[in-house]
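# Remarks on the overall topology
Next come the chains, spelled out residue by residue.
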Amino acid sequence: MVYDVRIRHGVAVIEERAENVWRDGIDCVGAEQCADVLEQPRVSNRAEVIAAGGTVLAVGYAIRGDELDFVLRFTQPVATLAQVGPLSPILVQRPSDVRAGRAGVPSIAVVRDAGSAITVDIHGPSLRMSAGSSLFAAGSDSDASVTVRPDRVVDVLTRGRGSVHVVVPAVDEHGNLGDGEPWLHSEPGLAELLKARGMLVE
C-alpha cells in the first residue's frame with residue numbers, strides 16, 4: 001500500500017494505491033466475471049468515502065507494466081478524517097493554543113512500530129515522536145498484551161501546507177516481504193474490458 005497525502009488549508013488530498021493487486025481472494029474466470037468482481041471494491045470504497053463526508057476524485061484501477069493497481073483518490077477536511085491505514089487524525093496544540101484553551105490544529109499522524117518496514121517521507125511543518133508501547137495501548141503495564149508490543153514511532157504533519165508519502169509493504173507473520181505474481185494478462189481481454197467500462201484511472 002502506498003499513501004500520498006497533501007494538506008492545504010485544513011483539507012487533505014489523499015491517494016491510496018494498492019500496488020500489484022494479488023489474485024489471491026479474487027475468485028473469477030474470464031474477463032467479464034473478473035471485471036464484475038473488480039467493480040465491487042470501486043463501489044464499496046466510493047460509498048465509504050462519501051459516507052465519511054469526503055469527496056471522491058477517482059476510484060478504479062491503473063495498469064503498471066504487467067501489474068494491476070487499485071487507486072482511490074479523495075479529499076476530506078482533516079478535522080473529519082477517520083483513520084486511513086497507518087494515517088490517523090490528531091490535534092496538535094501549540095503553546096498559544098493551550099494558553100487560550102483552543103482545541104488545536106487538525107493534523108495527520110503516521111503511527112508505526114519501531115523498526116517496521118514502513119517508510120515515511122514527510123515535507124512541510126512536521127515533528128517526530130517515539131515512545132514505548134504502553135503510551136499507545138489501553139491496559140495496565142502488567143498486561144501481557146501491552147508489554148509485548150514494540151515501541152512506536154509517530155510522524156506528524158502538523159499544519160499549513162505539507163505532504164507525506166507512506167509505503168506499507170506486504171509482509172508475512174515473520175516480517176518477511178511478500179509479493180504476488182502479476183495476473184492481469186492471464187485473463188485475455190481483461191485490460192481492454194476495464195478500459196471500456198471506465199474502470200481505469202490516470
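In this text the structure is predicted, and so the values were computed from the model without any measurement. (Residues numbered from 1 in each chain as written. Predicted model: local features only at pLDDT ≥ 70, side-chain atom pairs only at ≥ 80, totals over all residues. Heavy atoms only, no water.)

## Looking at the pattern of salt bridges
Selection rule: We define a salt bridge as a contact between a side-chain nitrogen of Lys or Arg and a carboxyl oxygen of Asp or Glu at a distance within 4 Å. Helix numbers and strand numbers start at the N terminus; a helix is a DSSP run of H or I with at least 4 residues, a strand a run of E with at least 2. In this scheme, a residue with accessible area under 20% of its type's maximum is buried, one over 50% is exposed, and one in between is partly exposed, where area comes from a 1.4 Å probe on protein chains only.
Counted according to the given criterion, the structure contains 15 salt bridges. With a shortest N-O distance of 3.1 Å, Arg 17 and Asp 69 are connected by a salt bridge. You can see Arg 17 sitting in strand S2 (residues 11-18) and its partner Asp 69 sitting in strand S4 (residues 67-77), a full 52 residues away along the chain. Both residues of the pair, Arg 17 and Asp 69, belong to the buried class.

## Details of the side chain of Glu 15
Convention followed: Polar contact criterion, stated in full: a pair of N or O atoms within 3.5 Å, where within protein one must be able to donate a hydrogen and the other to accept it, and residues adjacent in sequence count only if both atoms are side-chain atoms. For this analysis, residues touch if any pair of their heavy atoms sits within 4.5 Å.
Note that Glu 15 resides in strand S2. Residue classification places Glu 15 among the buried positions, given a relative accessible area of 16%. Separated by 3.3 Å, the side chains of Glu 15 and Arg 17 make a polar contact. A polar contact of 2.5 Å, which involves the side chain of Glu 15, links it to the side chain of Arg 73. Apart from the residues lying within four places of it in its own chain, the contact partners of Glu 15 are Val 2, Tyr 3, Asp 4, Val 71, Leu 72 and Arg 73.

## Here's the deal with the sheet that holds strand S6 (residues 105-113)
We count it as follows: Note on pairing: DSSP must find at least two bridges between two strands before they are called paired. Each axis is a line fitted through C-alpha atoms, and for a helix only the stretch in contact is used; angles between axes span 0 to 180 degrees, taken between their N-to-C directions.
Sheet architecture is open: 4 strands sit in the order S5-S6-S9-S8, paired in antiparallel fashion. Lying at the two open borders of the sheet, with one neighbouring strand each, are strand S5 (87-92) and strand S8 (126-131). The average angle at which neighbouring strand axes cross in this sheet is 30°, direction not considered. Both S6 and strand S9 (residues 152-157) contribute to a ladder of 6 bridges, which runs antiparallel. Counterpart to Asp 113 in the pairing with S9 is Arg 152.

## A look at the state of the cysteines
Going by this rule: Throughout, disulfides are identified as pairs of cysteine sulfur atoms within 2.5 Å of each other.
Applying the stated criterion to the full structure yields 1 disulfide. Put simply, Cys 28 and Cys 34 are joined by a disulfide, and their sulfur atoms are 2.0 Å apart. Disulfide Cys 28 to Cys 34: torsion about the S-S bond roughly 90°, handedness right-handed. Accessibility classification places Cys 28 together with Cys 34 in one group, the buried group.

## Digging into helix H1 (residues 31-51)
Note the threshold: Helices are assigned an expected span. That span is 1.5 Å times one less than the residue count.
With 21 residues, H1 should reach 30 Å at 1.5 Å per residue; the first-to-last C-alpha distance of 31 Å fits that figure. Residues of H1 that are buried in the fold lie against strand S3 (55-64), S4 and helix H4 (190-196). Just downstream of H1 lies Gly 53, where phi reads positive at about 90°.

## Here we look at the pairing of strand S1 (residues 2-8)
Looking at chain direction, S1 and S2 are connected through 7 bridges and run antiparallel. Paired with Val 2 across the strands is Arg 17, a residue of S2. As consecutive antiparallel partners, S1 and S2 are separated by 2 residues, and within that stretch His 9 has a phi angle of approximately 55°, a positive value. By the bridge criterion, 6 bridges tie S1 to strand S10 (residues 162-167) in an arrangement that is antiparallel. Paired with Ile 7 across the two strands is Gly 162, which belongs to S10.

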